[in-house]
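# Structural characterization, general
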Amino acid sequence: MTSFQSTLGEDEGIAEELAESQRQISIAEFFEKNKHMLGFDSGARGLVTAVKEAVDNALDAAEEAGVLPDIYVEIEEVGDYYKLVVEDNGPGITKEQLPKVFGKLLYGSRFHKREQSRGQQGIGISAAVLYSQLTSGKPAKITSRTQGASEAEYFELIIDTDENEPEISVEETTSWDRPHGTRIEMEMEANMRARQQLHDYIKHTAVVNPHARLELREPQEHFKFERATDQLPDETEEIRPHPHGVELGTVLKMLEATSSHSVSGFLQEEFTRVGKKTADGVIGNFRDRHFGREMAWEPPRDHEDADVAAAVADATANKGADATDAFAEAVAERVGDSDRVAHHQVVDAVGEAAEEVGDGFGATFGATVQENAAAAAWDEILGVDEDADVPEGRRKADLYALVDEATSTRKDDATVESLASRLANRFRNHGDGRDRLTRDELVEYVDWAADRTAEREDASIGDTARENVVEAVWSRMVTVPDDVPKVRELADDRDAASELLEAMRETDIIAPPTNCLAPITDELVEAGLKKEFDADFYAASTRDAEVTGGDPFIAEAGIAYGGELPDDGKAEVMRFANRVPLVYQRGACATTDVVKEIGWRNYNLDQPGGSGIPNGPVVIMVHVASTNVPFTSESKDAIANIPEIEDEIELAIREAARELKSYLKKRRSMEKRRKKQDVLATILPEMAEKVAAVTGNEEPDIDDAMARIMNNVRVGRELKANGDGQAVRVTVENHSGTSESLELTDIVTAEPRDLPDDATVVEMDGEWFVKWSVDVGSGDDATLAYETTDGATFDLDVDGVETEKLTINDEH
């Protein structure tokens, strides 16, 4: 069978014909055919996604305007379609911007900003409009009123997918009862099969946005979620990228766009957390990578070993004997004052000596003289003599000491000496005369010397020994002062830009600022859980900011346990990103993976098989706040498996889980205590009765005995007639092994008198609330005494001590 490719050469113009069929498509046209990528892959999910996009926009708009969000969502079945209405009390949208916000994909104000927000790409709400027009053929109806405007703007529009532009069919002003805000109405092909996901989205949104009021009215049910706080999230500020997260392509683009000429200026102007000191650190690391370091050798200490001054004098011509000697001695003195000296330091010493001596003698030591003097001094320092028995000179002695210290004590002296000698010869024969190397070149030097030593000496020099030698030599080498390239040169040199990027990554730079983020905070995470879940226990944690991909992020976690939570299945895992619930793709999300990998048995939860979602009456909530959440797809349903984010999610969950573990451990202890008390409560009355019968005495106080046996805190009341009234004594006895702090409230039906100074009283609806706070040490007691009229009744309430550790004997 003849293939299509085999016939291409038979006719002319095939390439031209194929070329004519190529054309550019707009982003709207692309998503028109790939709407599943945005979460509109079915009628059920499409409705939930449309609600999500509209509510997310509404929350962002209200918060940016400093308004507590008040959002109304209505879903109504209309013939073959569903009508979705979402209203908010945000600042409204101007007449000029409104058509583009709703009728143009990739149009928005947040894409280029490095600060936390629910929306980023400018796709969400316009994608919902696109889905609506594709399935129903009807335009979106938008009403918006800005603060102070006398009337609202009303538009009906669809998206022209060929041009990715709004196509407006109606544009007019109208009256609206809201003073400011936005309303969007869309009809779409949908169904309510995902009703539970819709309810979860609204409820979970209320959990992580406790400052918002949400209302959902759908064909079968009606929900209202009131605010739990009037505290708006902290305002965020845009930040620059962090050096530890950018990639090479981004750096090249930034180098092209910056107005800075120097690398130092570029680093300080374009990145966050980079000041002069940090920029110098990055430039130092860049020099090490770009130019290499120079080896610093120990200079000769006496004339018998070497004579730097004589070598410099011999290399200096036509400057007069006195000036030459002074110049040579000045160079030798500067070199001798250093513990170790590199080539560029010798050059600097020669330059300083030339200036000093030249001014004193009226002589000029020009560039050629200085170059010759530096070369002579350097050769003398190294002891270079090609005719000598040891041509590697003094390098060998220095390297022997380094190699001997860096390698194992099991290495014999011959092996160490041979390795040092070959490494010294490598420096002498293959360097540039300045003993300047990059780290990669140094690794190659050491490997070469080690391979030949192992071969010739029949010795073993392993990877660890080689790495230790490299580290020892590299730490002795010094950064060179060469001028770094200008920004424009780096922009045209991919390799040099890559070296700059690596230099940034290896420089210790403090984490990015958190003012670009608005985490919920552990306090409000707990408040949100309490508002929507009736549980016995709540805990939350908020981690410090970390960075990934140049973007800062914060992980938060919350746990609710017990109470009215269902106890017949797996824990409920709630996932959030920038305060937005993630409803779909649970199995593809990093949050779910982390929850499954935690050993929940260590926190006293049931986890069959030791992995997976734990069982029990538990809600586990995780929130990731970031300037750029790494989602797995455009539909923003799952967080990608980024190691740094996964680590922080795990740490946040574990912080909250440790509190749960303590609670469950304490609860089990209290259950054992309660069972013991129940047994005693059955036995002690019988014992008391028998003891009284045998001794002929009154039955002992069972409550007092119970308190002593159980090491409880006993609170007892005694009443004693006092004229026409009665004296009241409330006594606290601490039989436990620790100090206890109690809050007592005695509710009295008659006005109390003669209260002590540490007690307060409040009258309400004919009752008096006597409040008393007291700290009682182990084995101690304390008494609240006051008077009231005869016939008064009392109701005692005690807080601060667990019920199982409390015994109350309240005499009325």
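Higher on the page you've got the structure.
A brief look at the structure comes next. If you're wondering where the values come from, they're calculated on a predicted model, not measured in any experiment.

The rules behind each value
Residues numbered from 1 in each chain as written. Predicted model: local features only at pLDDT ≥ 70, side-chain atom pairs only at ≥ 80, totals over all residues. Heavy atoms only, no water. Salt bridge = Lys/Arg side-chain N within 4 Å of Asp/Glu carboxyl O. Buried < 20%, exposed > 50% of the residue type's maximum accessible area, 1.4 Å probe, protein only. Helix = DSSP H or I, 4+ residues; strand = E, 2+ residues; numbered from the N terminus. Pairing = 2+ DSSP bridges. Axes fitted to C-alpha atoms, helices over the stretch in contact; angles between N-to-C directions. Expected span 1.5 Å × (residues − 1). Contact = heavy atoms within 4.5 Å. Polar contact = N/O pair within 3.5 Å; in protein donor to acceptor, adjacent residues only side chain to side chain.

### Digging into the pattern of salt bridges
Going through the model one piece at a time under the given rule, you end up with 39 salt bridges. When the shortest N-O distance is used, the salt bridge between aspartate 288 and arginine 293 registers 3.1 Å. We classify aspartate 288 as buried; its relative accessible area is 6%. Take arginine 293: its relative accessible area is 16%, and that puts it in the buried class. A salt bridge links glutamate 787 to arginine 753, with the nearest nitrogen and oxygen atoms 3.8 Å apart. Placement of the pair is glutamate 787 in strand 23 (residues 781-789) and arginine 753 in the loop between strand 20 (740-748) and strand 21 (759-764), with a sequence separation of 34 residues. On the basis of relative accessible area, glutamate 787 is assigned to the partly exposed category, the value being 22%. Under the relative-accessibility criterion, arginine 753 is labelled partly exposed at 34%.

### Some points on the sheet that holds strand 19 (residues 725-734)
The four strands lie next to each other as 23-19-18-25, forming an open sheet whose pairing is mixed. Pairing within the sheet leaves two strands with one partner each, and these edge strands are strand 23 and strand 25 (806-809). The sheet shows a mean angle of 15 degrees between the axes of neighbouring strands, taken without regard to direction. As paired elements, strand 18 (residues 713-722) and strand 25 share four bridges and run parallel to each other. Of the residues in strand 25, the one forming a bridge with glycine 716 is asparagine 809.

### Things to note about helix 15 (residues 413-430)
Along its 18 residues, helix 15 runs 25 Å from first to last C-alpha, staying within 8% of the 26 Å computed at 1.5 Å per residue. Among the residues of helix 15, those classed as buried are Thr415, Val416, Ser418, Leu419, Ala420, Ser421, Arg422, Leu423, Ala424, Asn425, Arg426 and Phe427. Looking at the buried side of helix 15, the elements it contacts are strand 9 (293-295), helix 14 (395-406), strand 10 (436-437), helix 16 (439-457) and helix 17 (463-476). Among the residues of helix 15, the N-terminal cap falls to aspartate 412, whose side-chain oxygen and the backbone nitrogen of alanine 414 are separated by 3.1 Å.

### Comments concerning helix 17
The end-to-end C-alpha separation of helix 17 is 20 Å, in line with the 20 Å expected for 14 residues at 1.5 Å each. All of the buried residues along helix 17 are Ala465, Arg466, Val469, Val470, Ala472, Val473 and Trp474.

### Concerning the pairing of strand 17 (residues 618-626)
Among the nine residues that make up strand 17, nine are buried, leaving the element largely enclosed by the rest of the structure. Here strand 17 shows no split at all, with Val618, Ile620, Val622, Val624 and Ser626 on one side and Val619, Met621, His623 and Ala625 on the other all buried. Pairing of strand 14 (residues 551-561) with strand 17 involves nine bridges; the strand directions are antiparallel. By the bridge assignment for strand 17, alanine 555 is matched with valine 624. Where strand 15 (residues 572-577) meets strand 17, six bridges bridge the pair, whose relative direction is parallel.

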